[in-house]
Amino acid sequence: AAAEPAAPSRPGLLSRVIGRDTAPRRVLDDEMLESLEDLLIQSDMGVETAVRVTANLAEGRYGRRLSVEEIKRALADEITRIMEPVAKPLPLYAKTPQVVLVVGVNGSGKTTTIGKLAAQFRAAGKQVVIAAGDTFRAAAVEQLQVWGERAGVPVMTAPEGSDPASLAFDALTRAQAEGADLLMIDTAGRLQNRADLMEELAKIVRVIRKKDPDAPHNTLLVLDATTGQNALSQVEIFQKLADVSGLVMTKLDGTARGGVLVALADRFGLPIHAIGVGEQIDDLAPFDPEDFARALTG
Ligand code: GDP
C-alpha cells in the first residue's frame, strides 16, 4: 500500500519568475534563462546541474517566444530526462534471503525507512527479518522494535554496545534457517568517528560473507532531502565507507529542497529506490520522475 507518489511541495517555482499560466508569451532570452537558472539553484539543484538543465532548455528554443505553459513543460521534460534512469524500485533477486544493508547518518530516517520497507514487503507476501545493527543507540533499537511490531516482522537485537557484526551474522543465520526472503540490517550513523564507522561496516560485510559470499546484495543509503546540498557530501562520504548501491530520499513531504535529487542523479546516477513522504508506515512511495519534475517546476 504505497502512498501517492509525492513530490516536493514547492508549487509555483516558475510561477514566481515567469508569471501564471495565463501570462503573455515570453522570449527565451539570456535574462530569462538566468532567472530560471537562479530558481533552480534556489531549489537546491546546485550550480553545475542548474547550468546544464538551462543549457538543455535553451537548445532549439533560444530566442523563441514561448508561453509560460510551454516553458514549464520544457523544463519539466529536461528534469524528467535526468531523473528517469535513476527511478528504480529496490530490485528483488531470486536468491534468498536477500541481504539489504541500510546506511546513513543518524536522523536521516533509516529506522523509519526500514519499517516502511518491511511493511511493503510483508504486504507483498515476503518474509522479512530485521537486524537492529545500531547496537550503541538504545533508542534506535527500541524504535526499530516498534516498527517491527507495526509491520509484523521480527526484529533481532543484541545487548547495548555489543558487536553489530555478530548480530548481523546471527540474523543472517536465522533468516537462512527460516527461509526468509529478505534481511534488512540497520547500521550506526555516527559520522563523528568515520574510521570506526568504516571498520564497523566493513566488519559486518566481512562476517555476513562467511554465510553468503554475495551479501549484502544491496547497500541502501538513506538521505534526508531537507538537508539540501548536504545530501551530496553524504553520498561522497558513504561511498567511501560502504559500497552504496542505491538511495532512499526521505522527508520529501513539505520540503522546498527537492532540487537536490536532480543534482544527485546528475552527479552520481545512483538509483533512487523510494521516497519518504511522511512519518507513517504507508508513507513510502516509488519515485516517479514525471510527477517529481512537474511538482518541482510548478
Ligand atoms: P534514523 O536516526 O536515521 O534511524 O532516523 P529515524 O528513522 O529515527 O527518523 C528521524 C526522524 O525523521 C523521525 O522523527 C521520523 O519520523 C522522521 N522521518 C523519517 N522519514 C520521514 C519522511 O519521509 N517524512 C517525514 N516528514 N519525516 C520522516
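All values derive from a computational prediction rather than experimental measurement.

A. Here's a closer look at the pairing of strand β4 (residues 128-131). Covered by surrounding structure in β4 are Val128 and Ile130 together with Val129 and Ala131, the residues of both alternating faces. Both β4 and strand β6 (residues 182-186) contribute to a ladder of four bridges, which runs parallel. Residue pairing for β6: Val128 is matched across the bridge by Leu182. Where β4 meets strand β5 (residues 155-156), two bridges bridge the pair, whose relative direction is parallel. Bridged to Ala131 within β5 is Met156. With helix α6 (residues 138-151) bridging β4 and its parallel neighbour β5, the resulting β-α-β unit is right-handed.

B. Region of the structure containing the pattern of salt bridges. Scanning the model with the defined rule gives 16 salt bridges in all. Of the charged contacts in the structure, one is a salt bridge between Arg52 and Asp266, with a shortest N-O distance of 2.8 Å. In this pair, Arg52 sits in helix α3 (residues 47-58) while Asp266 sits in helix α10 (residues 259-268), placing the two residues 214 residues apart along the sequence. Exposure remark for Arg52: the relative accessible area of 37% places this residue in the partly exposed category. On the basis of relative accessible area, Asp266 is assigned to the partly exposed category, the value being 24%. One salt bridge connects Arg61 with Glu78, and the closest N-O pair in it is separated by 3.7 Å. In this pair, Arg61 sits in the loop between α3 and β2 (65-66) while Glu78 sits in helix α4 (residues 68-83), placing the two residues 17 residues apart along the sequence. Each of the two residues, Arg61 as well as Glu78, counts as buried. In this structure, a network of salt bridges that share partners links the residues Glu48, Arg52 and Asp266.

C. Geometry of α4. Here α4 spans 22 Å end to end across 16 residues, near enough to the 22 Å set by a 1.5 Å rise per residue. Taken together, the buried positions of α4 are Val68, Ile71, Lys72, Ala74, Leu75, Ala76, Glu78, Ile79, Thr80, Ile82 and Met83.

D. Representation of α3 within the structure. With twelve residues, α3 ought to run about 16 Å at 1.5 Å a step, and its terminal C-alpha atoms sit 16 Å apart, in line with that. Residues Thr49, Ala50, Val53, Thr54, Leu57 and Ala58 constitute the buried set of α3. Against α2 (30-42), α4 and α10 lie the buried residues of α3. Gly60, located one to two residues past α3, shows a positive phi value of around 75 degrees.

E. The site of the ligand, seen in detail. Among the 18 residues in the neighbourhood of the ligand, the closest are listed as Gly107, Thr111, Thr112, Asp253 and Glu279. Within the contact set of the ligand, an oxygen atom lies 2.7 Å away from a backbone nitrogen or oxygen of Gly107. Contact with the protein chains hides 81% of the accessible area of the ligand, taken as 580 Å² for the molecule alone. Per-element accounting of the shell around the ligand gives the leading share, four residues, to helix α5 (residues 110-123). Counted by class, the shell around the ligand contains two nonpolar, ten polar and six charged residues.

Criteria and cut-off values
Residues numbered from 1 in each chain as written. Predicted model: local features only at pLDDT ≥ 70, side-chain atom pairs only at ≥ 80, totals over all residues. Heavy atoms only, no water. Buried < 20%, exposed > 50% of the residue type's maximum accessible area, 1.4 Å probe, protein only. Helix = DSSP H or I, 4+ residues; strand = E, 2+ residues; numbered from the N terminus. Pairing = 2+ DSSP bridges. Right-handed = clockwise from strand over helix to strand, strands pointing away. Salt bridge = Lys/Arg side-chain N within 4 Å of Asp/Glu carboxyl O. Expected span 1.5 Å × (residues − 1). Contact = heavy atoms within 4.5 Å. Near = heavy atom within 4 Å. Polar contact = N/O pair within 3.5 Å; in protein donor to acceptor, adjacent residues only side chain to side chain. Areas by Shrake-Rupley, 256 points an atom, 1.4 Å probe, with all protein chains shown as cover. Nonpolar A, V, L, I, M, F, W, Y, C, P; charged D, E, K, R; others polar.

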